[in-house]
Amino acid sequence: MYIPDYYEFGCPVNIVAGHDSLEKTADILAVPGSSQPMLLTDKGVRQAGLADIVLDAVKDRLDIKCVEDGVPPDSDLKVVRQLAQLYNQKGCDSIIAVGGGSVLDTAKGINMLVSEKTDDLMQFTGAGALKRKLRPLIAVPTTAGTGSEVTIAAVIADHEKNRKMIFGSHFLLPDAALIDSRMTLTLPAHIRAATAMDAMAHAVEACVMLSKNPLSDAHAKEAIRRIMKHLLPLIAEPENKEGRLSLALAAALAGIAFSNSLVGMVHALGHSVGSVCHVPHGNCMAILLSYGLEYNFHKTEERIADILFSLAGPEIYAKTPKSQPAQKSIDCIRKLNRDLFQATKGLHATCLKDLKDREQHPMVPKEKLPEIAQTALGDGMVFYNPEDVDYEDWLMVLEAAWEGVPLDRTKVRKG
Amino acid sequence: MNTDNFTFLCRSRSLFGKNALEHLPFELSGMGARKVFVLRDNASESSDSIRHLRPAFADSGMTLGLCPPPDQNSGTGTDILKDCYRTFTGKGYDSIIALGTGPITDLAKALNLAVSLGPEVFKRGIQPQDQAKSLLPFAYLPTRGGSGRESSCRACCNAQIFELPALAPDIVLTDERLMAADTKENIICSAFSALSVCCETFVFADNPMAKAYASAGISLLMEHLFPLLETENEWNARPAAVGNKYRRNLACIAHASAISGFLLANSTSIISFHLGNFIAENADTSGLTAGSAAAIFLPRVLEQFAGNTPALAQLLLPLGGQDAFSAVPPVQQAAAAIHILQNILNRFYQISFGAVPRSLGDAGIDKSAVARLQEKIQQEDIWTETGISGAGRDKIAAVLLRS
Amino acid sequence: MEGFIEIRPRRRFFLRLYLHIMLRVLGRAIQAAARVDEDVKKEFNAMPENYTFSLGAFPAGPCMIIGKDTQGIVRYMGSDMEKQPVHLKITLKSVRHFFSLLTFTESTPVSNARNRMIVSGDVPYACAAVRIMDIVQVYLLPRWMAKMAIKRYPRWTFKRHTVDRAKVLIRTLLGF
C-alpha cells in the first residue's frame, strides 16, 4: 500500500444511488427548506426524455419554477448570467442540474451568482475564493463518465474575451448527487463506451499519478473493477439496470478518486485534442490512456502493475509473471478498446486517425498534431504527471496515438 | 451485488501526513475563520502539540485561543462547557479545533452546537429545522488512536446524545508530530475498534463508497499495527512508551480510526463494535477494553451473519492484499479472511503474554457470565438504534457463546 | 476561564528573511534569463503585454512579482502587490511550505502534488511560469540540486550550460 508523505481526501457530497433515487429529490431539498427549484439541463438531455423522467419523479412534491435547457455544450459566462437572472425572477430557491459536465458547471456558476447576490463571477475565480455555503444544488448525472457531480471545480468560458475561467472551492460541490439507473438507459452504445472510458481514465490516472493516496486508490480500484465487469455486457444488453447503476457508480467513484488525486498527461492531452479538434472527451481518453501509461512506465511501473488485479481479476493477476503485470495492465486497456470497437460496430475508435465526425470526415487530421501538442503545453494537469513532458514528447505520443501503434518506450526521455 | 438504494455522506476532509498542520490556517480561513478556539486534552499536552500548533499558525494572521486541558478540578462537564461558551462568545471566536481524542471532541461538538444553534439546544434537543443549519468550522486533530466516534456526526454531552450531519468535523487532520505516546492497550483498543467497524462495513454494506473507505482503513491497520507493537520484545518492559520512531504508525492508526468514524456516521448496525462496547460496560472484568472485545466478536459475527458469502470472501482482499487474495481459491477465501482475523488475536495474545485476550474466556468471562450477558442482550433495548431484529439478537447471543 | 490564553502566533523572522533573499535572487534571475535564454524569451513572448505573475505565500507572506512592461521587457517588480495588478498568482499555502520549496527539500511537482500550491489566473500562463522557473533553477543550481527541484534535468548544449549560465549569473548578481 502506497501512502504518500502528505495527502488530502474528501468528498462532502451526499451520494444517493438506486433505481429510484430521483424520487428522493424532494426529501433532500426539504432539509435546507427548499421546494422551488430551477431544473437545468441541455437540449440533448431533454430530447432524450431524461428531464421528463426527473420532472415526473418530483412534480408531486416540488414546485418546479422553471425548466431551462439552454445550456450550451461549452458552459458560457453570458448564459450563466442570463440564467441567474431568470433564477431570481422566477423566485427559485435551488437548482436541480440534469446532465453532464457543462450543465453542472453552468449550475455551479449560477449558484455562485445567486447565492452571493452579484453578477460578477470574476471575483470567485481561482481557488478558495468562496467563503460560505451556497444555495442548494442537486446534481443528476446522465452520462456515467465525467464524475463532475463530485468535483470541486467549475470551468466557465468567457467567449467574448476568449478565455476560460476556473473556479475551485468545496462550496461549489453539490449538496447531493442522485445516481439513478434510469438516467443512462437511452445512451447510445458508442457514447456509453466513451463515457465509461472517461471514467476508466479518471480511475487509472488517479492510481498512477503523483497525488495518488490510499483512499483515492480504494475508490479508483473499485471503479476499474466495475467498469471491467459491466461495460461490455451493457453494450450488448443496455436494459440491465443493475449493470447501468453499477457503471454510474463507477463513474462517481472514479470522479471522487480523481478529484482528490488528480489526473495527468492523458487528461492534459485529451483536453487539447478536444479543444483543437472538437473530439468528445471520452473518445480521447479511451485512445490516449494506454499511451499515458506507456510514457510514464519507467517512473510508475509498480503503480501500473498494481492496477492489473482490478483490470483483469485475480486469476490473470496470479498467473502473470512478476516482471510483466505493468505491461499486462496496458494490454488489458488496449484489449478493452478493441472489444468496444467490435461491440459498437466500429463506432468506438481505437486510434486518433479513426475518429470520424457524422459526415465521416476524420476529426483529427495529422497536420493538427503540432497544434494539439502546443495546446497541451498549457494544460495544468501536466503538473501531476510523474515524468516531464515537453513539445517534442507530446508530439511523439500524439503520433503514436494517431497511428494506433504502441509507444516506443526507448524513445521516452527519462528524468 | 445488490446496489439498490443507498446513501453515503462523509462531510469531513482528511488531511494526513508530513507538515499537514501547516495546511490548517489556509483550510480554516477558506471557511471564513479568523479566531480559532482550541480545546485540548491531557494527551495533547504530553505530545507537546501546542509547540507545533503555534508555528503552524505563524504568519497566518489568525488568532488562537488556547483552553487549558480540562482536569478533575475544572468541575462537571456542564461547568466546563458553560465556561467555554462564555469565553468563546465573549471574545468573538469563530471556529473550533479539538486537539485530542474522546471526551475533548464531545466537548468541542457540544460547544459548536451551543454557539451555532444557541445553548437552548441542550434543552429542546435537535429539531428537524436544525438539520440544514451550518455549524461553525470545526477541525479534529487526533493525538492518539481514538474510538472512531470523534469523527462521526454524534456527540455525547452529559449522557445526552446529539446526532447531526453537521456535527462531523469539517477537517480531520492527522500529523505525526501531534501523536502522543500511548499505552499498547490503548493503541490496540483503537486499532481493533477501527478494524471491527471497517471489516463489518466492508462485508455488510451494499455501498461501494463505504466499502472503499473501509478497504483503505483495513489496509492501513494491517500495515501499521504489527510494526508498531511487534518490535518490542518485552510487552511489559515499556508499557506506556511508544516513541517518536513509531509516530508514523500511530498516525496511520489514528487515520484508520477516523475513517471508522466516517463509516459509523453512515451505519448504525456495526454489531461487533456495539457488542464490544456493551461487554466492556457490562462484563465483570476490568481488563477487557471495548476494542479488544469487538475484535474477539468480529470473526464470530462475520461467520454468523455473513456465512460463506462472496462479500466475506472479498474481505480477504484488504486483509491479505492482492497477492494473498489471488493465491487462495475462491471457495477458501471467506475462511482465509476469518483465519487472518483470528490470527491477529492469536499473535497479539502471544506477544502480549496473554494481556490481549483471544476469547471471552481469556478475558476472565466464564460461561455463567456469558449466560447472564446473553440474557441482558435479549432484555435490554440496546439494539433498537441498530435496527437488529429478534432473530438477529438470537444470532448475537450465539456469537457471544462462541466467543 | 482560568488558564485561557489568547495568542497571535508571531511571524517567523529567519524563514521570512531567507525567503525574501531567495525570491530576490530568483526574481532577478528570471529577469536575466528572459534576456539571455531563447526558451524563456519564447515563454514570455507568448504572454500579453503588461502581464504580471507572482509567487508568494498565503496569506501575505513573502512574494515576488515578475511582469512584462509596456515595451514587452521582462522585469522583476519587487514584492508590493498593491503597486501593480497581478494577473496570475501562484501561492503556497504557508510560509513553511514555501520554505520547503525554496530550500529544495520539496520540489515544485511534489509541492503541487501535495496540494501545497494554488494557482489563481490563467492556467496556460501558470504552466509557462513553472517552465520558466524550472529553466532558471537549472541555471542557478548545481546539477545535483536542480535534479531535486525539477522533474527532468534538461539536455542542454555546452554553450547553454556554460556561456549562457555565466551570463545569467552575472546579470542576476548585478541586477540587469
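Residues numbered from 1 in each chain as written. Chains lettered and ligands numbered in written order. Predicted model: local features only at pLDDT ≥ 70, side-chain atom pairs only at ≥ 80, totals over all residues. Heavy atoms only, no water.

1. A word on the sheet that holds strand E6 (residues 117-120) of chain C
All names here are of chain C. Heads up, the rule is: Strands are treated as partners if at least two bridges between them are detected by DSSP. The helix and strand labels rest on DSSP assignments: H or I over at least four residues marks a helix, E over at least two residues marks a strand, and numbering proceeds from the N terminus. Note on method: axes are straight lines fitted to C-alpha atoms, helices fitted across the in-contact stretch only, with angles between N-to-C directions ranging 0 to 180 degrees. Contact definition: two residues touch when any of their heavy atoms are within 4.5 Å.
With respect to topology, five strands assemble into an open sheet ordered E4-E3-E2-E5-E6, the strand pairing being mixed. Sheet topology places strand E4 (74-76) and E6 at the edges, where each strand pairs with a single neighbour. Adjacent strand axes in the sheet meet at a mean angle of 15 degrees, parallel and antiparallel pairs treated alike. Its contacts with the sheet put helix H1 (residues 13-36) on strand E2 (52-57), strand E3 (63-68) and E4, and the angle it makes with E4 is roughly 165 degrees.

2. As for the packing of helix H10 (residues 271-282) of chain B against helix H11 (residues 290-306) of chain B
Residue and element names in this part refer to chain B. Spelled out, the test is: Here the word oblique covers every angle except those under 35 degrees (roughly parallel), over 145 (roughly antiparallel) and from 65 to 115 (roughly perpendicular). When the near helix sits turned anticlockwise from the far one by under a right angle, the crossing is termed left-handed; a clockwise turn instead gives a right-handed crossing. Three classes are used, and their members are as follows: Ala, Val, Leu, Ile, Met, Phe, Trp, Tyr, Cys and Pro are nonpolar, Asp, Glu, Lys and Arg are charged, and the others, Gly among them, are polar.
Axis separation between H10 and H11 bottoms out at 7 Å; the angle between their running directions is 135 degrees. The angle between H10 and H11 falls in the class oblique. In this structure, H10 crosses over H11, and the sense of that crossing is right-handed. Residue-level inspection shows Ile271, Ser272, Phe273, Leu275, Gly276, Asn277, Ile279 and Ala280 of H10 in contact with H11, the latter providing Ala290, Ala293, Ala294, Phe297, Leu298, Val301 and Phe305. A breakdown of the residues in the contact of H10 with H11 according to their chemical character gives 12 nonpolar, three polar and no charged.

3. A short note on the domain arrangement of chain B
Often, the extent of an interface is quoted as the loss of accessible area on bringing the components together. All names here are of chain B. The condition that has to hold: For the purposes of this description, domain bounds are those given by an automatic or database domain assignment. The quantity reported as buried area is the accessible area (1.4 Å probe) lost by two parts once they are put together, taken as the sum for both. We define a salt bridge as a contact between a side-chain nitrogen of Lys or Arg and a carboxyl oxygen of Asp or Glu at a distance within 4 Å.
The domain architecture assigned to chain B consists of domain 1 (13-178) and domain 2 (189-402). With 18 residues of domain 1 at the interface, the matching set in domain 2 holds 18 residues. Interface of domain 1 and domain 2: buried area, both sides summed, is about 1600 Å²; carbon and sulfur atoms make up 58% of it. Summed over the three residues of domain 1 that lose the most area to domain 2, namely Phe16, Arg149 and Glu176, the buried surface amounts to 33% of that side. In this assembly, domain 1 and domain 2 are joined by one salt bridge. Here Glu176 makes a salt bridge to Arg248, at a shortest N to O gap of 2.9 Å.

4. Concerning the interface of chain B and chain A
Which entries qualify depends on this criterion: Between N or O atoms, a polar contact is any pair within 3.5 Å; within protein, one atom must be a potential hydrogen donor and the other a potential acceptor, and residues adjacent in sequence are included only when both atoms are from side chains.
Tallying the contact residues gives 47 residues for chain B and 47 residues for chain A. Between chain B and chain A lies a buried interface of about 3800 Å² when both sides are counted; carbon and sulfur atoms form 56% of it. Of all residues in chain B, B:Arg13, B:Met209 and B:Gln322 bury the most surface against chain A, accounting for 16% of the area lost on that side. Where chain B meets chain A, there are two salt bridges. For B:Arg13, the salt bridge identified is with A:Glu8, shortest N-O distance 2.7 Å. Taken together, the links from chain B to chain A amount to 17 residue pairs in polar contact (both at pLDDT 80 or more). Put simply, the parts of the chain that give the side of chain B that touches chain A at least two residues each are strand E1 (6-17), helix H1 (24-30), helix H8 (208-230), helix H9 (247-264) and helix H13 (316-327) of chain B. In terms of residue count, the dominant contributor to the side of chain B that touches chain A is E1(B) (12 residues). When the residues that make up the side of chain B that touches chain A are grouped by side-chain class, the tally is 20 nonpolar, 19 polar and eight charged. Bridge analysis of strand E1 (residues 6-18) of chain A against E1(B) gives eight bridges, and the strand direction is antiparallel. Bridging across to E1(B), A:Cys11 finds its partner in B:Cys10.

5. Observations concerning the side chain of C:Glu106
Residue and element names in this part refer to chain C. Relative to the helices and strands, Glu106 resides in the loop between helix H3 (95-102) and helix H4 (108-113). Among the polar contacts listed, one links the side chain of Glu106 to the side chain of Arg114, at a separation of 2.6 Å. At a separation of 3.0 Å, a polar atom in the side chain of Glu106 contacts the side chain of Arg116. Among residues more than four places away in sequence, those in contact with Glu106 are Ser100, Leu101, Ser111, Arg114 and Arg116.

6. So, the side chain of B:His23
Quick reminder of the rule: Accessibility here uses a 1.4 Å probe with only protein chains present; expressed as a share of the type maximum, an area under 20% marks a residue as buried, one over 50% as exposed, and anything in between as partly exposed.
If you trace the backbone, B:His23 turns up in the loop between E1 and H1. Residue classification places B:His23 among the buried positions, given a relative accessible area of 0%. Sequence-distant contacts of B:His23, defined by excluding residues within four places in its chain, comprise A:Tyr6, A:Glu8, B:Leu15, C:Lys93, C:His97, C:Arg114, C:Asn115 and C:Arg116.

7. With respect to the pairing of strand E5 (residues 88-92) of chain C
Residue and element names in this part refer to chain C. Burial runs high along E5: four of the five residues are buried. Relative to E5, E2 is paired through five bridges, and the arrangement is parallel. Each residue of the ladder has a partner; that of Ser54, found in E5, is Lys89. Pairing geometry for E5 and E6, over four bridges, is antiparallel. Along E6, the bridge assignment pairs Ile90 with Val119.

8. Structural notes on the sheet that holds strand E7 (residues 153-158) of chain A
All names here are of chain A. The strand order E5-E8-E7 describes an open sheet built from three strands, whose pairing is mixed. The open sheet terminates on both sides in strands that have one partner only, identified here as strand E5 (126-127) and E7. Pairing of E7 with strand E8 (residues 163-168), which is carried by six bridges, proceeds in the antiparallel orientation. Note that in E8 the partner of Ala154 across the bridge is Phe167. Contacting E7 and E8, helix H5 (residues 101-116) runs over the sheet at an angle of about 90 degrees to E7.

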